[in-house]
Amino acid sequence: MPSSDLSHTLALLYQQAVQARQRRMLVLAGDADWAQSVFVQLPAALLQQPGLWVGDHPIQHAALNADYRCLKPARCHQVLGQEFGWLVIDGHDGVDPDALGACSGTLCGGGILVLLLPSLRQQPASGFGGWLKTRLSGVGQAPLVASDGLLLLDQQQLEAGQLPSLAAAVSEPAAFIDAGDLDCLTRDQTIAVQHVIRVVEGHRRRPLVISADRGRGKSAALGIAAARLMQSRSLLIRVTAPSIAAVEPLFERLQALLPQSVRLGNRVTLADSRLEFVALDQLLGEIGGSASAASLTGSRCGLLLVDEAAAIPAPMLERLLRQHSRIVFATTTHGYEGTGRGFQLRFRHTLDRLTPNWRQLELQAPIRWAEGDPLERWVFDALLLDAEPESERQPESGTAQSLALSELRFSHWTPQQLIDNPAQLRQLFALLVQAHYRTKPGDLRDLLDDPSMRIWLLHRPPDSQQNGQRESPLVGVLWVAEEGGFEPSLAEQIWLGQRRPRGHLLPQVLAAQAGWRQAAELRAWRIVRIAVPAGERRRGVGGELVQRLLAQASLQQVDLVGTSFGATADLLPFWFAQQLQPLRLGLKRDASSGCVSLLYARACSAAGRALVDSIGCRFAADLPYQLQGAHSDLEFDLARLLLCQTQALRKHCLDPQDRADLYSFVLGQRQLQQVEPALYRWSVQQLSDPGLEISAILQQLLIGRLIQRHHWSELLPELGLSGPKQAESLLKSELKPVLKDQWGKWPVSVQP
């Protein structure tokens, strides 16, 4: 085929992108050397722009901008907030979905994403590669309609003289709509700036949540608002995000509007006003530090801007919300993390509870490219970023509540069945995104590629379908990993820490960390994710999913069914209700959730029962000690829930002298330090009784001071107390009626 024909087609593709101010995608399917030779035939006007190559084998060529960036897929978070004219995703060793989602958002209108793949004839029909192949089906077939925006060139077809024809573009060059504001590029951005300023000028405790897909200018809007606030008053504005790179557009817009300002590192100063980036861990450290530090943060900071909030664990966001009376959260709705929708659904309850007058704003008009961008549409479809549960898109006349749970259909689906049924895969993934705020495109690849993964779905029966639905409504998803079952020799190596087979989290944690060698020999099913539509929760559907899985595990001779999730006071009761026992509490808080992980399991065989009973008894015996050490910072309500599940603790009896010590403390003049051992024994025993009703303040005092052994200086600010004497007095007054109700009456010789 004449190279002039190919060059003309590539030039036409670029011309269409520039004219429409949209992005286009070029798929080159063939050998790596061939693909690179075609890539460099793109117009020089494009290749000389700043570009990004994602892959392990970048090329050097005179046609390319000499300063183009090269990144491995795992480091793509480093370019968030930056802009490029062209982007290459080298998928010859497999496409990293997180990298594809993250980097595609950095490509500007008029740019081209070049996806390098092996020949589609060599692409597998299964797994994530097979799924991408279905998303490219039909692309490259002549004639290719210009509005598709995607051009696929296959090496074998081109070498056979078959070049897809590209229809000429007929659209007029895209233009920005008047935003009504010289500094803003869209009306959405103008409104966002006004709302941010109102957070400072209006009533306190009315936070703002700004959500937008990538390329909508939300970070720039924060910068514009910050510039106007700094010009009009003396103000300290603090900015935090998962990384400084994420907020670079904010700094760029701020400095462009305030040329007289001075930037030193991560701080911009204008007269008496200052904007500074503060790393999340530093900000949270100030909140968790002394009372004066917390007070300083809350009083001096006139506005806190939290960008990419969906990538920050919800418990951390809640701490920021509690300590700052004027705060703005900005988050990506369908970002590469896939977390925006899950963030809004889960954090909404916290906002409603703590700041019921909060406001929400969504930016829809794109800035980095024009409306109707075909690349955005394809990426959303291929990575399921815009998947929504069916129940959110149309009303349903029937609910799980009106059906007996036994009528719901429970079925196992293979990855290939899901690929062959895209509608079902979209519904499944939508529920995972909704239920877990850290769901990423990479989870889609794991779901389809990992042979140890099993998917179980719960549907309404077909006769409950309405409006001609083709698929039975999905009401529950279980993502399960098959683990364990190792030979004794390998199990021993795992126990000794000499081998770490990929995956197998549950048996490896119980063997290598908890010290139970036989755990690696047993077959286990681990629940990786469980998801139920928001409208179906609290109706027993989640419990029904777990019970159906337990029944299947028994039939298939599985020894254990377990899970490992971030321990929260909301989640623990659900797993306890399914009779899963707590077996292992993680030593560190998870970076993504901000929670300590808790491993639970339930036996499905005699061997499994013996192991779970043994580990459960050890967990109960160790828990009080751990609450004084590694878990001394565990939340009070969470510690109480765990104590309530350790029945062995309730078997310990107090001796008469312990009782006398408690009497003399609450009725006499004895100091707390003189009776702490007796009060500690009583606290461990009584707090493990779920039937004991005590006030929240007494629970905090007993757990924080007696069990977790915090010094008064750590507890007083959180309890709102002035000093140790006030704390001891409060402890006595709260404890006195509890002891009297429990023991009936005081000794005759004691006059209260």
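Residues numbered from 1 in each chain as written. Predicted model: local features only at pLDDT ≥ 70, side-chain atom pairs only at ≥ 80, totals over all residues. Heavy atoms only, no water.

Asker: Describe the overall build of the protein chain, naming the residues involved and giving the relevant values.
Answerer: Within the protein chain one finds 29 helices and 21 strands. With 752 residues in all, the protein chain has 54% of them scored as buried. (Helix = DSSP H or I, 4+ residues; strand = E, 2+ residues; numbered from the N terminus. Buried < 20%, exposed > 50% of the residue type's maximum accessible area, 1.4 Å probe, protein only.)

Asker: Can you explain the pairing of strand E1 (residues 24-29)? Please cite residues and give values.
Answerer: Counted residue by residue, E1 has six buried out of six residues, so it is predominantly covered. Where E1 and strand E6 (residues 150-154) come together, five bridges link them in parallel fashion. When the sheet's bridge partners are listed, Ala29 is paired in E6 with Asp154. (Pairing = 2+ DSSP bridges.)

Asker: So what's going on with the packing of helix H4 (residues 97-104) against helix H14 (residues 374-383)? Residues and values would help.
Answerer: Interaxial distance between H4 and H14 falls to 11 Å at its minimum, and their mutual angle equals 155 degrees. In terms of axis orientation, H4 runs roughly antiparallel to H14. For H4 against H14, the interelement crossing comes out left-handed. Along the contact surface, H4 presents Pro97, Leu100, Gly101 and Ser104, while H14 presents Trp378, Val379 and Leu383. Residue composition of the contact of H4 with H14, by class: five nonpolar, two polar and no charged. (Axes fitted to C-alpha atoms, helices over the stretch in contact; angles between N-to-C directions. Parallel < 35°, antiparallel > 145°, perpendicular 65-115°, else oblique. Left-handed = near helix turned anticlockwise from the far one by under 90°. Contact = heavy atoms within 4.5 Å. Nonpolar A, V, L, I, M, F, W, Y, C, P; charged D, E, K, R; others polar.)

Asker: Kindly report on the side chain of Thr9, identifying the contributing residues and their values.
Answerer: Mapping Thr9 onto the fold places it in helix H1 (residues 3-20). What makes Thr9 buried here is its relative accessible area of 7%. When neighbours within four sequence positions are excluded, Thr9 is seen to be in contact with Leu151, Leu163, Pro164 and Leu166.

Asker: Describe the pairing of strand E13 (residues 327-332), and please don't skip the residues or the numbers.
Answerer: Within E13, six of the six residues are buried, which leaves the element mostly enclosed by the surrounding structure. Of the two faces of E13, the one carrying Ile327, Phe329 and Thr331 and the one carrying Val328, Ala330 and Thr332 are both buried. Where strand E7 (residues 208-212) and E13 come together, five bridges link them in parallel fashion. The partner of Ile210 across the bridge, within E13, is Ala330. In the sheet, strand E12 (residues 303-306) pairs with E13 via three bridges, with the strands oriented parallel. Its bridge partner being in E13, Leu304 is matched across the sheet by Ile327.

Asker: So what's going on with the side chain of Asp559? Which residues, and what values?
Answerer: For Asp559, the location among the structural elements is in the loop between helix H21 (541-555) and strand E19 (560-566). Only 2.8 Å separates the side chain of Asp559 from the backbone nitrogen of Arg523, close enough to count as a polar contact. Apart from residues no more than four positions distant in its own chain, Asp559 is found in contact with Leu522, Arg523, Arg602, Ala603, Cys604, Ser605, Ala607 and Gly608. (Polar contact = N/O pair within 3.5 Å; in protein donor to acceptor, adjacent residues only side chain to side chain.)

Asker: How would you explain the sheet that holds strand E3 (residues 69-71) if you had to name every residue and give the values?
Answerer: Strand pairing in a sheet relies on backbone hydrogen bonds. The paired strands run either parallel or antiparallel. Spatially, six strands are ordered E3-E2-E4-E5-E1-E6 in an open sheet, and the strand pairing comes out parallel. At either end of the open sheet lies a strand with only one pairing partner, and these are E3 and E6. Averaged over all adjacent pairs, the angle separating strand axes in this sheet is 15 degrees, with direction ignored. Relative to E3, strand E2 (residues 51-54) runs parallel, the two sharing three bridges. By the bridge assignment, Trp53 is partnered in E3 with Cys70.

Asker: Which residues make up helix H17 (residues 422-435), and what values go with them?
Answerer: Residues lying three or four places apart along an α-helix face the same way, a consequence of the helix completing one turn every 3.6 residues. A rise of 1.5 Å per residue sets the reference length of H17, with its 14 residues, at 20 Å; its end C-alpha atoms lie 20 Å apart and thus fit the reference within 8%. Looking at H17, one finds that the buried residues are Gln424, Leu425, Gln427, Leu428, Phe429, Ala430, Leu431, Leu432, Val433, Gln434 and Ala435. (Expected span 1.5 Å × (residues − 1).)

Asker: I'd like a description of the environment of Glu371, backed by residues and values.
Answerer: Structurally, Glu371 is set in the loop between strand E14 (359-363) and H14. What makes Glu371 exposed here is its relative accessible area of 54%. Dropping the residues within four chain positions of it, Glu371 is found in contact with Gln22, Gln364, Ala365 and Pro366.

Asker: Can you tell me about the sheet that holds E7, naming the residues and giving the values?
Answerer: Strands sit in the order E9-E10-E11-E8-E12-E13-E7-E14 across an open sheet of eight strands; the sheet is mixed. In this open sheet, the two strands that pair with only one neighbour each are strand E9 (262-264) and E14. Strand-to-strand twist across the sheet, computed as the mean angle between neighbouring axes with direction ignored, equals 15 degrees. Bridge analysis of strand E10 (residues 267-270) against strand E11 (residues 273-277) gives four bridges, and the strand direction is antiparallel.

Asker: Can you tell me about unusual backbone geometry, naming the residues and giving the values?
Answerer: If a residue is not glycine, its phi is most likely negative; likewise, a peptide bond is most likely trans. Of note, the phi angle at Ala271 is positive, near 55 degrees, even though the residue is not glycine. Mapping Ala271 onto the fold places it in the loop between E10 and E11. The phi dihedral of Glu308 falls on the positive side, at around 50 degrees, and the residue is not glycine. Locating Glu308 in the fold gives a position in the loop between E12 and helix H12 (314-323). For Glu308, a relative accessible area of 7% corresponds to the buried category.

Asker: Which residues make up the pattern of salt bridges, and what values do they have?
Answerer: Scanning all chains against the criterion turns up 33 salt bridges. Residues Arg135 and Asp381 are paired through a salt bridge, measuring 3.1 Å at the closest nitrogen-oxygen approach. Here Asp381 lies in helix H14 and Arg135 lies in helix H5 (residues 127-135), a separation of 246 residues in the sequence. Among the salt bridges present, the one from Glu676 reaches Arg709, with a minimum N-O distance of 3.6 Å. Pair noted here: Glu676 is in helix H26 (residues 672-687) and Arg709 is in the loop between helix H27 (696-707) and helix H28 (712-719), with a separation of 33 residues, a long-range link. Using a relative accessible area of 8% as the deciding quantity, one classes Glu676 as buried. Residue Arg709 is classed as partly exposed on the basis of its relative accessible area of 41%. (Salt bridge = Lys/Arg side-chain N within 4 Å of Asp/Glu carboxyl O.)

Asker: Before we move on, can you summarise the nonpolar core with the specific residues and values?
Answerer: Residues Leu478, Leu549, Leu642, Leu679, Trp682 and Leu702 are the most contacted members of the largest nonpolar core, which totals 68 residues. Counting residues in each nonpolar core, the second largest holds 60 residues, with Cys103, Leu117, Leu136 and Leu150 among its members. (Core = buried A, V, L, I, M, F, W, Y, C linked by side-chain atoms within 4.5 Å.)

Asker: Tell me about the confidence of the model for the protein chain, and name the residues and values.
Answerer: Looking at the protein chain as a whole, the pLDDT averages 86, with 88% of positions reaching at least 70. Of the regions scoring below 50 in pLDDT, residues 140-147 engages in 16 contacts with residues more than four places distant in sequence or in other chains. Low pLDDT (under 50) marks residues 393-398, which in the prediction has nine contacts with non-local residues, meaning those over four places away or in another chain. (pLDDT = per-residue confidence, 0-100.)

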